[in-house]
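One-letter residues, chain by chain:
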Amino acid sequence: MSRPVCLVSGSSSGIGTAVVAAFAANGYDVVVHYNSGSDPSDPRAHKSSGEERAAAVANKLRTEHGVEALSLGADLSQPEAPFDLVDRAYAHFGRLDTVVSNSGVTNYVRGADGQIARYRFTETPVDHLEQELDRVLSVNLKGAYRLCQRALKRMIEQAENERRAGQEVPHRSFLFIATVSDVAPDSTRIPYGVSKAGLNHVVLGAAFDAGQHNITVNALRPGVVETPLTSRPSGIVDPETDQQYTVAETYGLMAEGGSQALPRIGQPEDIAGAAFAFTQIPYMTGQLIAVDGGFTLINGFPNRELFLQEGMRRRQERKRGD
Ligand SMILES: NC(=O)c1ccc[n+]([C@@H]2O[C@H](COP(=O)([O-])OP(=O)(O)OC[C@H]3O[C@@H](n4cnc5c(N)ncnc54)[C@H](OP(=O)(O)O)[C@@H]3O)[C@@H](O)[C@H]2O)c1
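Residues numbered from 1 in each chain as written. Predicted model: local features only at pLDDT ≥ 70, side-chain atom pairs only at ≥ 80, totals over all residues.

Caption draft 1: Just the overall build of the protein, in detail. From N to C terminus, the protein includes nine helices and eleven strands. In terms of C-alpha radius of gyration, the protein reaches 20 Å, essentially the compact-globule figure of 20 Å for 322 residues. Counting only C-alpha atoms and orienting by the principal axes, one finds that the protein spans roughly 65 × 50 × 35 Å. Split into buried and exposed, the 322 residues of the protein put 44% on the buried side. A separation threshold of at least 6 residues defines the contact pool for the protein, and within that pool the share at least 24 residues apart is 73%. (Helix = DSSP H or I, 4+ residues; strand = E, 2+ residues; numbered from the N terminus. Rg over C-alpha atoms; globule rule 2.2 N^0.38 Å. Buried ≥ 20, exposed ≤ 12 C-beta atoms within 10 Å, placed from the backbone. Contact = placed C-beta atoms within 7 Å.)

Caption draft 2: A look at the site of the ligand. Residues in contact with the ligand amount to 29 residues; listed here are only the nearest, Gly10, Gly14, Gly50, Gly104 and Leu229. Elements with a minimum of two residues in the shell around the ligand: α1 (14-25) and α4 (126-164). The leading source of residues in the shell around the ligand is α1, at three residues. Of the residues in the shell around the ligand, the class split is eleven nonpolar, 16 polar and two charged. Shared between two domains, the shell around the ligand holds at least three residues of each, these being domain 1 (5-223 + 266-291) and domain 2 (228-265 + 294-322). (Near = placed C-beta within 6 Å. Nonpolar A, V, L, I, M, F, W, Y, C, P; charged D, E, K, R; others polar. Domains from an automatic or database assignment.)

Caption draft 3: Layout of the sheet that holds strand β1 (residues 5-8). One open sheet accounts for seven strands, arranged β3-β2-β1-β4-β7-β8-β11; its pairing is parallel. Strands with a single pairing partner mark the edges of an open sheet, and in this sheet they are β3 (69-73) and β11 (288-291). Neighbour to neighbour, the strand axes of the sheet diverge by 20° on average, direction disregarded. Where strand β7 (residues 172-177) meets strand β8 (residues 215-222), six bridges bridge the pair, whose relative direction is parallel. For Ile177, the partnering residue across the bridge sits in β8 and is Leu220. The strands touched by helix α5 (residues 190-210) are β7, β8 and β11; relative to β8, the strand with the most contacts, the crossing angle is about 160°. (Pairing = 2+ DSSP bridges. Axes fitted to C-alpha atoms, helices over the stretch in contact; angles between N-to-C directions.)

Caption draft 4: Examining the packing of helix α3 (residues 81-93) against α4 more closely. Packing of α3 against α4 leaves a shortest axis separation of 8 Å and a crossing angle of 35°. Both α3 and α4 take part in a crossing whose hand is right-handed. Facing α3, whose interface residues are Pro82, Phe83, Val86, Asp87 and Tyr90, α4 presents Gly143, Arg146, Leu147, Arg150, Ala151 and Arg154. (Left-handed = near helix turned anticlockwise from the far one by under 90°.)

Caption draft 5: Examining α1 more closely. Helix length check: α1, at twelve residues, gives a terminal C-alpha distance of 17 Å against a target of 16 Å (1.5 Å per residue), a fit within 8%. Here α1 lies mainly inside the structure; eleven of its twelve residues are buried. Phi turns positive, to about 85°, at Gly27, one or two residues after α1. (Expected span 1.5 Å × (residues − 1).)

Caption draft 6: Spotlight on unusual backbone geometry. The backbone of Asn214 shows a phi angle near 65°, a positive value even though the residue is not glycine. Turning to its location among the elements, Asn214 is positioned in the loop between α5 and β8. Residue classification places Asn214 among the partly exposed residues on the basis of 18 C-beta atoms within 10 Å.

Caption draft 7: Here's a closer look at the domain arrangement of the protein. Split by domain assignment, the protein resolves into domain 1 (5-223 + 266-291) and domain 2 (228-265 + 294-322). Look at where the C-alpha atoms of domain 1 and domain 2 centre, and you get two points 28 Å apart. Of the residues lining the interface, 14 residues belong to domain 1; the matching set on domain 2 comes to eleven residues. Residue classes in the side of domain 1 that touches domain 2 are distributed as six nonpolar, six polar and two charged.

Caption draft 8: Expanded view of the nonpolar core. Core analysis: the biggest nonpolar cluster contains 78 residues, and Val19 and Val30 have the highest contact counts within it. The biggest single contributor to this core is α4, with nine residues. Residues from two domains meet in this core; each of domain 1 (5-223 + 266-291) and domain 2 (228-265 + 294-322) gives at least three. Not counting residues within four places of it along the chain, the set of residues in contact with Val30 comprises Cys6, Val8, Val20, Phe23, Ala24, Leu61, Val67 and Ala69. (Core = buried A, V, L, I, M, F, W, Y, C linked by C-beta atoms within 7 Å.)

Caption draft 9: View of the environment of Asp84. Tracing the chain through its elements places Asp84 in helix α3. Judged by the 15 C-beta atoms lying within 10 Å of it, Asp84 falls in the partly exposed class. Separated by 63 residues in the primary sequence, Asp84 and Leu147 have C-alpha atoms spaced 9.2 Å apart.

Now the structure itself:
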């Protein structure tokens, strides 16, 4: 019998790379998906294209786990691209057992001066908001929506074929990588939160349709995770070195200051382990589950400054060996 097959969108970077590796380590053949990586407004720290990174991930997984790893590119902001991606994966392997919709972007866009600009809710200029909404909705909501539509269609076809052949229909699974920003408020990131909150509704509707074919649909909502997405400068300066903290460093410091129950931000492997586990539970569907170190217990966003100060104080204390 052939190995089960998993497609992970956006597996050329960050969380997606760790997720696709978790499936390969568990004996799945995998599709490593990349975007062009050529988005001119992208301030992430990558030195190579999405295609090169995906090829390297696929090579590593073949070597380390002896599975088949196919690398495919698609800009999921384009209407037909998610359908085409699923169909190419399905045509290649002849089966599709798990799909993880992980591709995502935040609502940073560059202004005319080339700098990333973000505004508070009531201060956002109309043109800027239009660009932000186009950016996040096209990938995070519309792209993920379409990916789910076509993946479920192909999974349902398989289930129907199995039923017709008198075979047992195995459990299959679709998982969205969403975010705790769907409910945690932050004035400068409302477009991002809107795109991911919209996804939550897709989960509920899709789970309803898919259940009768033994397919489960859920969302994993990460808190802050250290990835290229959070490696950009945060605008907050370390008073000792005068260097700007990255977004990940800022939230790491806040976590030390009590902004979440666990005093550290997440690593991609934290999310990957949970993602794999969630897709293996045949009786869990339509759930929106936070894997966030307890961020949503406290919600550090509104009191960012307070938690930062407290994080710095505690760090100093530890340095002094108090
Ligand atoms: N990092 C966090 O703190 C955090 C927290 C909560 C939720 N999340 C969610 O987790 C997911 C992964 O985030 P990450 O931190 O791992 O980000 P990342 O390192 O920036 O990776 C994003 C992935 O999405 C792909 N992508 C970007 N634009 C795309 C497009 N137009 N079409 C198709 N794919 C596209 C990228 O492809 P290329 O690299 O090839 O361009 C990359 O593989 C996202 O959905 C994000 O919203 C992240």
